[in-house]
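Observations on the model geometry
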Amino acid sequence: MSKIKWGVIGCGGIADRRTLPGMMDAKNAELIAVMDANYEVAKVVAEKYNAPVLCKDEQEVLAQDIDAVYIATPVFCHKAQVLQALAAGKHVLVEKPVGMTVAEGEEIKAAAEKAGLKVGVGLMMRFHTHHQAIRQLLAEGKLGNLVSMRAQFSCWYPDIEGAWRQDKALSGGGALIDLGVHCIDLLQYISGMNAVEVSANCSTQTFKYNVDDSASVLMKMENGANAYVDVNFNIPDEASLGRIEFYGTRGCIIAEGTISQIEGGSVKVVLTEESGYDAMQAHTEAKSYFLPEPSGNMYTKEIESFSDALLNDTDPAITLDQAMSVEKVTAAAYASSESGNRIKL
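As a starting point, this report considers the structure included with it. Fair warning: this is a prediction, and the values are worked out from it, not measured in the lab. (Residues numbered from 1 in each chain as written. Predicted model: local features only at pLDDT ≥ 70, side-chain atom pairs only at ≥ 80, totals over all residues. Heavy atoms only, no water.)

Side note on the overall build of the chain
Broken down by element type, the chain carries 10 helices and 15 strands. In terms of C-alpha radius of gyration, the chain reaches 21 Å, essentially the compact-globule figure of 20 Å for 345 residues. Overall size of the chain, expressed as C-alpha extent along the three principal axes, is 70 × 50 × 40 Å. Considering only intrachain contacts with a sequence separation of at least 6, the fraction spanning at least 24 residues in the chain is 70%. Of the roughly 15,600 Å² that the chain leaves accessible, carbon and sulfur atoms contribute 49%. (Helix = DSSP H or I, 4+ residues; strand = E, 2+ residues; numbered from the N terminus. Rg over C-alpha atoms; globule rule 2.2 N^0.38 Å. Contact = heavy atoms within 4.5 Å. Areas by Shrake-Rupley, 256 points an atom, 1.4 Å probe, with all protein chains shown as cover.)

Quick word on the pattern of salt bridges
Per the stated rule, a full pass over the model turns up 17 salt bridges. Here Asp321 and Lys109 are joined by a salt bridge, their closest N and O atoms 2.7 Å apart. Taken together, the residues span a long stretch of sequence, with Asp321 in helix α10 (residues 320-339) and Lys109 in helix α5 (residues 102-115) at a distance of 212 residues. Of the residues examined, Lys109 reaches a relative accessible area of 23% and is grouped as partly exposed. (Salt bridge = Lys/Arg side-chain N within 4 Å of Asp/Glu carboxyl O. Buried < 20%, exposed > 50% of the residue type's maximum accessible area, 1.4 Å probe, protein only.)

Some remarks on the packing of aromatic side chains
If you walk through the whole model with that rule in mind, you get 6 aromatic pairs. When the centroid spacing of 5.8 Å and the interplanar angle of 50° are considered together, the rings of Trp6 and Phe306 count as tilted. Residue Trp6 is found in strand β1 (residues 4-9), and its partner Phe306 is found in helix α9 (residues 298-312); the two are separated by 300 residues along the sequence. Neither residue differs from the other here; Trp6 and Phe306 are each classed as buried. When the centroid spacing of 5.0 Å and the interplanar angle of 70° are considered together, the rings of Tyr157 and Phe233 count as edge-to-face. Taken as a pair, Tyr157 in the loop between β7 (146-154) and α7 (168-171) and Phe233 in the loop between β10 (226-232) and β11 (243-248) lie far apart in primary sequence, 76 residues in all. Taken as a pair, Tyr157 and Phe233 share a single burial class, namely buried. Taken together, the ring pairs in this structure connect Trp156, Tyr157, Phe207, Tyr209 and Phe233 into an aromatic cluster. (Phe/Tyr/Trp six-rings, centres within 6.5 Å; stacked < 30°, edge-to-face > 60°.)

Right, here's the structure in full:
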């Protein structure tokens, strides 16, 4: 099987913890070069994953015989590094969010189109077996008309000196831009609808950093359904359930533990036959069943999917346009929170 040769820019955090282990199991990918702003981190990662080339900077990575680069650096670095990679003729898989602002994402999109290169975005939760199954059930109309949906994602992220995610100048925001983008993307992707109106409340309730540790977003979807996103940096990990829910005129689907870096969790599906009004609100006709336990690695699937897109010259599974749609919702949510107004998209 043909393999895409990869370079990695940014070896800490999610790259070392999740994506590189996933890449090692990808059948159509081969790791060639790594670099990090902290050379010692890159050295450890190169040894850990048997990368043939340890590089000191981005230019050295891009000078290697590689087809694509995976960029997993702080958000404030994304635009410059993606543009640099495109200028060097390399395809790019960049971690979410694409950039600090919508304008940065649009600049990246224009550069990719001009270069004729592909840019994918690391919204890997789309590859979860259960999220794919839920999307299929909705596409088949199993829930009837969707009327409401919700996604919840949280963690415990206290004040940490030097943490870039806790500095708005480096991250662009807090819980919403870090965790909320996954929730927004999943609701839009699984439902097959985009948000058309946004209102939000973003605040720092618990910690001292200058980004939001709590955010709640209400979106009006294309069909008029309400979609809710709740994300927090101030809920203990043990209490962070990672739920996604869909409600329609024929039933509901409730997933727990699927919004996570690990492919797991469970899904309950409740479907009903059409019936008349029942003042007793009986539940005896509902049929509940659980989807099978998921198996696989979302990060391996992410790397294999993007590599397949390069090998077959097809669009990435997660395109820049789709990722930018999410970032526009995020930007509107922050604007709504600041102004107290609903924002139309």
